[in-house]
Structure formats: C-alpha cells, structure tokens
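In case you want the letters, here they are:
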Amino acid sequence: MQRLDDLLICRLDNNRKQSQPCTLVIFGATGDLTARKLMPSLFHLFCEEQLPLPFRVICVGRRDFNDETWRERLMESVREFAKHYDNCARLWYRFSTKIFYCKGDISDHSLYTNLHKAIAEGESDELKHNLVFYLATAPDLFTMITEHLSKAGLLNKDEHTAPNCRLVLEKPFGTDAKSAKQLNARLTEFLHEKQLYRIDHYLGKETVQNLLTFRFSNAIFEPLWNQKYIDHVQITVSEKNGIGSRGGYYDHAGALRDMMQNHILQILALISMEPPVSLAPEAIRDEKVKLLKSIRPIAPEHVDRLSVRGQYTGAQVDGRHLPAYRQEERVAPGSNTETYAALSLRIDNWRWGGVPFYLRTGKNLAASTSQARIQFRMPPPVLFASQCGPTLDSNSITLRLQPDEGITLRFNGKIPGLDIQIRPVRMNFNYQSEFGAYTREAYERLLMDAMAGDSTLFIRRDEVETAWDIVEPLLQKWSGRPLGEEEFYPAGSWGPENADALPARNGHNWRNPDLEPAE
Ligand code: BG6
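Residues numbered from 1 in each chain as written. Predicted model: local features only at pLDDT ≥ 70, side-chain atom pairs only at ≥ 80, totals over all residues. Heavy atoms only, no water.

Draft legend 1. Layout of the pairing of strand β2 (residues 55–61). β2 sits mainly inside the fold: seven of its seven residues count as buried. Going residue by residue along β2, you find Phe55, Val57, Cys59 and Gly61 tucked away on one face and Arg56, Ile58 and Val60 tucked away on the opposite face as well. Both strand β1 (residues 22–27) and β2 contribute to a ladder of six bridges, which runs parallel. Bridging across to β2, Phe27 finds its partner in Val60. For the handedness criterion, the β-α-β arrangement of β1, helix α2 (residues 32–47) and β2 is classed as right-handed. As defined by bridge partners, β2 adjoins strand β3 (residues 99–103) across five bridges and the pair is classed as parallel. Counterpart to Cys59 in the pairing with β3 is Tyr101. (Buried < 20%, exposed > 50% of the residue type's maximum accessible area, 1.4 Å probe, protein only. Helix = DSSP H or I, 4+ residues; strand = E, 2+ residues; numbered from the N terminus. Pairing = 2+ DSSP bridges. Right-handed = clockwise from strand over helix to strand, strands pointing away.)

Take a look at the structure:
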C-alpha cells in the first residue's frame, strides 16, 4: 500500500533545466579534485543515466598520458573514491570511452589550438554547441586560461549564437577583496557574468539545499525565526583531519580563506536571509547578497574582540601522534597561517538586530561536523524557569549538515518519576532513517547544473565580493602578525582556549557537538 507521505510528494523538477549534450573540459585534470570528486561524480551520474547524451570530457594536463593510459589511471581513482563503483563497475568501459586526454602547458597557446581541434572533432555537432570549461586550477591561472580560450575562439560572449559556453571556477575565488574584484573585472572582459559559475561545493550538499525547504516550506519555524525568539546562532564546521598533503595550498590560504569566506558565510546566508520572491536563481542570490550586505562590518580596532585564530600543535590523538601544523609537509617551519578561525558577527536588519552569530571552523579538532544551532531565548522567569535557574536549558534547533545528516529539536521534558525533574529531550529527524543511506555527492548536482546552465547553486559576482569584504579586516590584521602563545591549540581539542571568550562576552558558550549526541 502506498504511504500517505508518498502521495504528498511535491515535485518541483519542472523548474530544473535539463542538461543538454555537452563537452566538459577540465583544466588541472591531473590534480586531486578530478580524481576524488569530479570523475567519481560523473561516473555515478553516468551509471544512473543522468548524464546528457551525447557527452564527453576532455581532461587537460601537463603530464604524459594518452587517452588509454589516462583512462586506466582514472579507473584506479574512481574505484577508490566512487561510493558505488562496485555496483556499476561493468559500465566503466562504456563511460571511459567518453573521456579524452589533451596534453599541454596551460601557458602555451598551442594547447588551446589543439583543444579547439579536439572539440571540433566531436562525434556529433551537438557536442560543439554546449561547452563547459571547468577550471580546477589555482585561481592565479584563471585569467590566463580564459584569455587563451577566448583568443582560440572557444569562448563566446554572445548568448544567442553557438557555442553556448560557461566557465566553472573552483574556490578560492581570489585571495582577498581586491584580488577577487580584479579577477571579476578581468573575467567579464571575456564572458558575461551569467556564464561564470563560481563553485562552492557546500551548496551542492543535500542538507544545505534543504535549508531553504526547511525554512520556507513549513509554517511552524519561520514565525520564530527572528530576534524575538532566537537568542543566538552558532555555526560550526569542524574537521578531525589536519591538512593532509595540501600544505602547499593551505599555508597560503588558512582557515579564513579556505572555509569561512565561502562555505560558512553561505550557510549563514541561507539560514538567515529573507524569503526570496521565487525560486529563480537571481531571486535567491539577491536575498543572499542582501543578507551578506547587512552584516555589520568589523572595524579594525574590533578584530581582536570579535575574532579568534589558532593553529594546531602536535598531540597524541586516538593512539596516534599528530604532528604540529608547522611540521606538516610543505608548510613553512615558522608559519603563522591559521588552522582555526572563529568569528562573532551581527546582522543589522529588522529580523536579526541584537542576535549574535558565532561562526567557527578548524582542522584537527575534536570531531568532524558541520552544523548550525539555533538557540532560542529562555522562557519567562516564572514557574519552571524561576525554580530551575541556569540548569534549565533553552530550546534549540540543530541543523546537522554532516555527518549524521538531519535536524534535531531540543526542548525540556519531565523525567518520569514522583519528583519533578526536568532535562532536555530531543526530537530527531534523520535523513538516513527517513530516506535511506545515500546522499548524493555535492559535485554531482553542481556538474549537472553547470551543464544545464542553471546557476542557482553558484556564487554571483556581488556575492563573492561581499563575502571577501566581510573577512577582509581579519585578513589584514592577521597577516604577518606572529601567533601568540594563547593562539595554539593541541590537535584533537576544540581549538584555542581563548575562543571560549568570544561567546562568553555575551553570556553564551560553544555547544560542542560531541557532547550532545543527536539521538
Ligand atoms: C574544501 C576545503 O573547500 O572543503 C577543505 O578546501 C575542506 O579544506 C573541505 O576540508 C571540506 O569539505 P567537506 O565536504 O568534506 O565538508
């Protein structure tokens, strides 16, 4: 028998653009991203018959491969990183025939002439009309690649004539406010803003997409979603791992550029923006920008009061010795790069006036989790609240983005018994028990959208620039300033001790997820 819940499924798929036959060109294809994320995602889409047909990928790299050796190499990574490889291994051969390798140096124009030839040789005309160039390279190469593509006649700024082309740009988009603005200005010499797809893979996560559904398809939460009822909000994106083999990149980035400016500010925007007038890409992005612009700028003299940075030191964790950040591969021995950043922000608008937002992220912390916790105000100080004092907790909603994806509502309940004893209890929605185990890899959705020309989940120019403006005062203050004793934290902890002062100034404290299991 069909469940009532299934009869009530509301499908909005008609709003989604369908993918067209497409040639996807990946620059920087021999890097980690292609092996770990892009190819496993494409293969899974292929197995599910979601990829547009015809379809092909041209991978651009400097290393010495031909189509055959490159496909073999990719098979190894897909086998290692694709969650569903075993279920559809038999399809690998068919999929691999859609992958091609184009060897060359991205600073050498002959690469682009070869690329032009390779694109022109596509098995069908349709493949030449929808071109997606995915730049999985360092951001300082974006302009050079775009300029070459344009000179080679591979970019077309006129949306009414073929080919239809788009550029997907990996983060970080620039290194600070100024460089991001310059980059935007340069790129838009060659392409329209609507052809630029700045990626933030957090926006491709199911649970992040669910934030809008949760807020705007329900009537019970939104009336409470404001300063009248909400005391403060905490967003934690913590990682148990260190920087692994990414020292070369990370030592120039740090937690602020790597996570705060993009993923965390995006989560913040989705949690706190006003309802958009429609689900159209521009309507949603307009609201996100409006929200980001309402964040109170941090004056240089307030940086130390409103933010904390930290760097991990070596420690024994789960029976393993974890090295200090400064001893990691390709990290400068005296590096002052932050591996932890926390921020206290205010949103100066009608809805959020007076509500602090605490954001934090870090590597080698006590647990891996991404979550936003909405902490409600205390009930009036009468009845239970007046008798229990500080042992009565206020209510909260925790949006668990990963792992253990779901939503928890925490409220107070009476412990069964003759006495009146109260403690927090939980109502828990869990993705896995409700919908089954698999949540799609974020890149699958984003790749499909880029091929279809749907920019909803990509970052607009004004959005990326505003996000840089928010963190800029911190970047400036922290750059070149040696880390103080109190800014180090042992690997496996919840960050530097002085991070506690950030919420404590307003009478709040961090709610560490490992102390509060969802169930
Ligand atoms: C990336 C950062 O954007 O996001 C990494 O560069 C970080 O440093 C990663 O580890 C986290 O992504 P996820 O999907 O594992 O939470």
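After presenting the structure, the write-up continues.
Draft legend 2. Main features of the site of the ligand. Looking at the ligand, the residues that line it are Lys171, His201, Tyr202, Lys205, Glu239, Arg246, Asp258, Met259, His263, Lys363 and Gln402. One nitrogen or oxygen atom from the side chain of Glu239 is found 2.5 Å from an oxygen atom belonging to the ligand. One of the side-chain N or O atoms of Gln402 is found 2.6 Å from an oxygen atom in the ligand. Contact with the protein chains removes 78% of the 390 Å² of surface that the ligand exposes when unbound. If you tally residues by element for the shell around the ligand, the top one is helix α11 (residues 247–272), at three residues. (Near = heavy atom within 4 Å. Polar contact = N/O pair within 3.5 Å; in protein donor to acceptor, adjacent residues only side chain to side chain. Areas by Shrake-Rupley, 256 points an atom, 1.4 Å probe, with all protein chains shown as cover.)

Draft legend 3. Examining the sheet that holds strand β15 (residues 406–414) more closely. Spatial ordering of the open sheet is given by β16-β15-β14-β13-β7-β12-β11-β8-β17, a layout of nine strands whose pairing is mixed. Edge positions in the open sheet fall to β16 (422–430) and β17 (488–490), since each of these has one partner strand only. The mean inter-strand angle of the sheet, taken between neighbouring strand axes irrespective of direction, is 20°. Across seven bridges, strand β11 (residues 340–346) lies against strand β12 (residues 356–362) in antiparallel orientation. Following the sheet pairing, Tyr340 is matched in β12 by Gly362. (Axes fitted to C-alpha atoms, helices over the stretch in contact; angles between N-to-C directions.)

Draft legend 4. Focus on the pattern of salt bridges. The full count for this structure, using the stated rule, is 32 salt bridges. Close ionic contact of Lys37 with Glu441 constitutes a salt bridge, the shortest N to O distance being 3.4 Å. With a gap of 404 residues between them, Lys37 in helix α2 and Glu441 in the loop between α15 (431–435) and α16 (442–452) connect regions that are remote in the sequence. For Lys37, a relative accessible area of 29% corresponds to the partly exposed category. Glu239 is the salt-bridge partner of Lys363, the closest N and O atoms lying 2.8 Å from each other. Within this pair, whereas Lys363 is found in the loop between β12 and β13 (369–376), its partner Glu239 is found in the loop between β7 (230–238) and α11, the two being separated by 124 residues in sequence. Residue classification places Lys363 among the buried residues on the basis of a relative accessible area of 6%. (Salt bridge = Lys/Arg side-chain N within 4 Å of Asp/Glu carboxyl O.)

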